[in-house]
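Take a look at the letters that make up each chain.
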There are 2 protein chains.
Amino acid sequence: MHLIDESRASFVSGSLNTDFPLQNLPYGVFSTSSTGRRIGVAIGDFVLDIAALQATEFAVEAPAHLFAQTTLNALAGEGRGTWTRIRRQLADLLEQGSSFSGSAAANICLVPRASITLHLPFDIGGFTDFYCSEHHASRCSRIIRGSAGGLPPQWQHLPIAYNGRASSVVVSGTPLRRPHGQSLTRDGSSVRWGPTQALDFELELGAFVGPGSALGKPVPLALAGEQIFGYVLLNDWSARDIQRFESAPLGPFQGKAFGTSISAWVVTPDALNYFRSPVEQPAVASYLTFDHGGSATNFDISLSVSLQPKGGTRSIVAKTSPTFMSWSFEQLIAHHTIGGCNLRTGDLIGSGTLSGPKPEQRACLLEMTFDGTQPLLLADGVHRAYLEDFDSVTFTGAGTTKSGQRIGFGSLEGLVLPSFQTEHQ
Amino acid sequence: MHLIDESRASFVSGSLNTDFPLQNLPYGVFSTSSTGRRIGVAIGDFVLDIAALQATEFAVEAPAHLFAQTTLNALAGEGRGTWTRIRRQLADLLEQGSSFSGSAAANICLVPRASITLHLPFDIGGFTDFYCSEHHASRCSRIIRGSAGGLPPQWQHLPIAYNGRASSVVVSGTPLRRPHGQSLTRDGSSVRWGPTQALDFELELGAFVGPGSALGKPVPLALAGEQIFGYVLLNDWSARDIQRFESAPLGPFQGKAFGTSISAWVVTPDALNYFRSPVEQPAVASYLTFDHGGSATNFDISLSVSLQPKGGTRSIVAKTSPTFMSWSFEQLIAHHTIGGCNLRTGDLIGSGTLSGPKPEQRACLLEMTFDGTQPLLLADGVHRAYLEDFDSVTFTGAGTTKSGQRIGFGSLEGLVLPSFQTEHQ
């Protein structure tokens, strides 16, 4: 792990009081009006174009092919040794007073973030979504199955998950169309088909897999952290009516397949280590327990959801945290591979909806509005049961270090477009 | 569609009374002791090395890059026009009396199948597994939930599916290790963890996606067939105890993530069109209905499962057919995309277990042995409740045309290895 000392600062403008100080250095894939996709690191109001940097005398020491890419897969596949070596060099370059600061090369390699387009950072082969918040699971169970609903029997023993749909993972800013599907009418008397009437978001944290693992070779918990290249905010858009009709016995499918959004900047474990916070857990199977008294940890950072109707005022509707996960990401990886399932570089692993115990910590509308029956009051006197067309949903996430330094994800934005027309509508 | 006239025959030896006559021409990816992976077409006892063919005067007319590949993704991405054009040319080359027969080029390009190694034919981004046999669904429901079990309420309205794990799809012949996981003890009183005690196979048909579709653009039923490059046999290995403990409410995950096997030869819709057979269905939503009186069809071909203990005799334990699907593959694609979910070239779509109404048509051990409580009697007086270590499972599949021509998949083989050792066992 490589924490960058908090006393150090960058010469790049906008790098104080930002999500992207010298201590963060998240990776992304961007293009400009004059370049194709390339790999960069966010710093203040700029992005450091690493492909351009590698053509200068300030090039970082790294395998030549790593940054001549349009995704982060090759870099993520290298493993922690390489990640840390590059991080040290980038921090040195970007620090106040470095030989790079004020050089002609810096002028070329630092591109204003306002001028770039961000792209999906990975070629994603697999997307696995877990279900790690007890508050989310128990509230959903009460809402869907009535007061008799409780946690599933396996809850205390393992992190529950399902395979999501990787093809429809999109980057922040990609608008999504309201999906069609079949569902029961409210009174349950008949089946309707058409645009969903219960479009929801779910606030999650996502982790990208680094080197990956071989089929038939479980990743021991003690080594699971080596598999995590970095984290993003994740919006697991859900059509609750479609999901409810289809889900038993094989789980959600079309209710979640129409799109999953992620934030564009991938924040490394090195940057989030300031915020490690232990997870309290029941006694669990040995493969989910640290041998030498280590404890499972998550990140004590602040996450928020805001909602803005078309032309209206933005309202913050939830404030929550990854500390509400009952499992660490390392445990998710140990469980994912314990049966021999292999992980591939660029696989995405979601935390599940990060709801906490308090009303303002409910991280989806299903919970906030009790399945649409108790609409939310937004600014300007607007109400929302579920999302309406042209609603804009924004997630943010950041931690603040003891010395007041903010390290964050930027924002994850998504706009709801009206349903597509079909031949059969 | 391009049926090759049944009166035509190939000059290649072994191409009569085989799964691979001139009328089949399935694609695969193979290597030999002296070559890397390349694309070939099975014909009788040989494989036609298309990369080698393209360097001769008999080269087929096709985009230059299509066969300079180690997977079928580029070819599948081209679409039906190209597929049919190439098929016509290959049939002409391989026919008795062609100028290719007896040429020096034929000698170079035809490689004995006995000397090749077959590889996974596609780079698979997504694996979606449906649940299309009413006989399988209703039997499983009775076995797992008792006599009160019936079909899920959405059964009559849509094809049920879940996202499977694409990373662990392997080609025929790849042995799989018995997976570890957590499950309830038989009496339900406690949770155990260790190697599965209920390892099963499931006989399915799989379809590979050709061109793919865009996010937010449903594929209309009438165009869904254009998305299907070809079919394989598929073994959806399942650990029933692990699956049962984990599956509610989000569906199967680790119980099926340790491996899915597919046959190596991808049989095209052109070759299977001899066997089209209508599917009887309830009234369904408009997007699943043909506009102009067309009907959903599947393939009336014969599938079999056999089981061979280590050093023992092979016993056929099931004989079934894709006609037991309640939906066509075209309907699966229309449903998969109706919410806007995109398909990618090389995505794999499974039919679900192809069980029929008769006892010998049960296509997994869960059904055959009533969850292990009524063990099967195999040859040599051996019994099986679920699979034991070193059991070998073989699927075959083929149709026979009216004139007696056989068109098939070859075989799908899988060997069960003992569970891996873990640090924590």
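These numbers were taken from a predicted model, which means no experiment stands behind them.

(A) Quick look at the interface of chain B and chain A. Counting residues at the interface gives 65 residues for chain B, matched by 65 residues for chain A. If you sort the residues of chain B by the area they bury against chain A, Arg-165, Leu-250 and Phe-253 of chain B come out on top, with a joint share of 14%. In this assembly, chain B and chain A are joined by two salt bridges. Its salt-bridge partner being Asp-347 of chain B, residue Arg-165 of chain A comes within 2.5 Å of it at the nearest N-O pair. Scanning the region where chain B abuts chain A turns up 29 residue pairs in polar contact (both at pLDDT 80 or more). Elements that contribute at least two residues to the side of chain B that touches chain A include exactly β6 (127-130), β7 (161-163), β10 (180-184), β11 (191-195), α7 (240-246), α8 (254-257) and α10 (329-337) of chain B. Grouping the constituent residues of the side of chain B that touches chain A by class yields 33 nonpolar, 25 polar and seven charged.

(B) Representation of helix α3 (residues 80-94) of chain B. Spanning 15 residues, α3 of chain B covers 21 Å between terminal C-alpha atoms, matching the ideal 21 Å at 1.5 Å per step. Taken together, the buried positions of α3 of chain B are Arg-80, Thr-82, Trp-83, Thr-84, Ile-86, Arg-87, Leu-90, Ala-91, Leu-93 and Leu-94 of chain B.

(C) Local environment of the confidence of the model for chain A. Across chain A, pLDDT averages 94, with 97% of residues at or above 70. Listed scores for the predicted complex are pTM 0.96 and ipTM 0.95.

(D) Here's a closer look at the sheet that holds strand β2 (residues 35-43) of chain A. All names here are of chain A. Read from one edge of the open sheet, five strands run β4-β3-β2-β1-β5, paired in antiparallel fashion. Here the strands that pair on one side only, and so sit at the sheet edges, are β4 (110-112) and β5 (117-119). Ignoring which end each strand starts from, the neighbouring axes of this sheet average 50 degrees apart. Bridge count between β2 and strand β3 (residues 46-49): four bridges; the pairing is antiparallel. When the sheet's bridge partners are listed, Gly-40 is paired in β3 with Asp-49.

(E) Unusual backbone geometry, seen in detail. The linkage connecting Ala-248 of chain A with the following residue, Pro-249 of chain A, adopts the cis geometry, with an omega of 5 degrees. Note on placement: Pro-249 of chain A falls in the loop between α7 (240-246) and α8 (254-257). In this structure, Asp-371 of chain A is a non-glycine residue whose phi angle is positive, near 55 degrees. Here Asp-371 of chain A lies in the loop between α11 (365-368) and β22 (376-377). On the accessibility criterion, Asp-371 of chain A (9% relative accessible area) is buried. Positive phi, close to 55 degrees, is recorded for Leu-25 of chain B, a residue that is not glycine. Tracing the sequence through the fold places Leu-25 of chain B in the segment before β1 (27-32).

Parameters at a glance
Residues numbered from 1 in each chain as written. Chains lettered and ligands numbered in written order. Predicted model: local features only at pLDDT ≥ 70, side-chain atom pairs only at ≥ 80, totals over all residues. Heavy atoms only, no water. Contact = heavy atoms within 4.5 Å. Buried area = accessible area lost by both parts, 1.4 Å probe. Salt bridge = Lys/Arg side-chain N within 4 Å of Asp/Glu carboxyl O. Polar contact = N/O pair within 3.5 Å; in protein donor to acceptor, adjacent residues only side chain to side chain. Helix = DSSP H or I, 4+ residues; strand = E, 2+ residues; numbered from the N terminus. Nonpolar A, V, L, I, M, F, W, Y, C, P; charged D, E, K, R; others polar. Expected span 1.5 Å × (residues − 1). Buried < 20%, exposed > 50% of the residue type's maximum accessible area, 1.4 Å probe, protein only. pLDDT = per-residue confidence, 0-100. Pairing = 2+ DSSP bridges. Axes fitted to C-alpha atoms, helices over the stretch in contact; angles between N-to-C directions.

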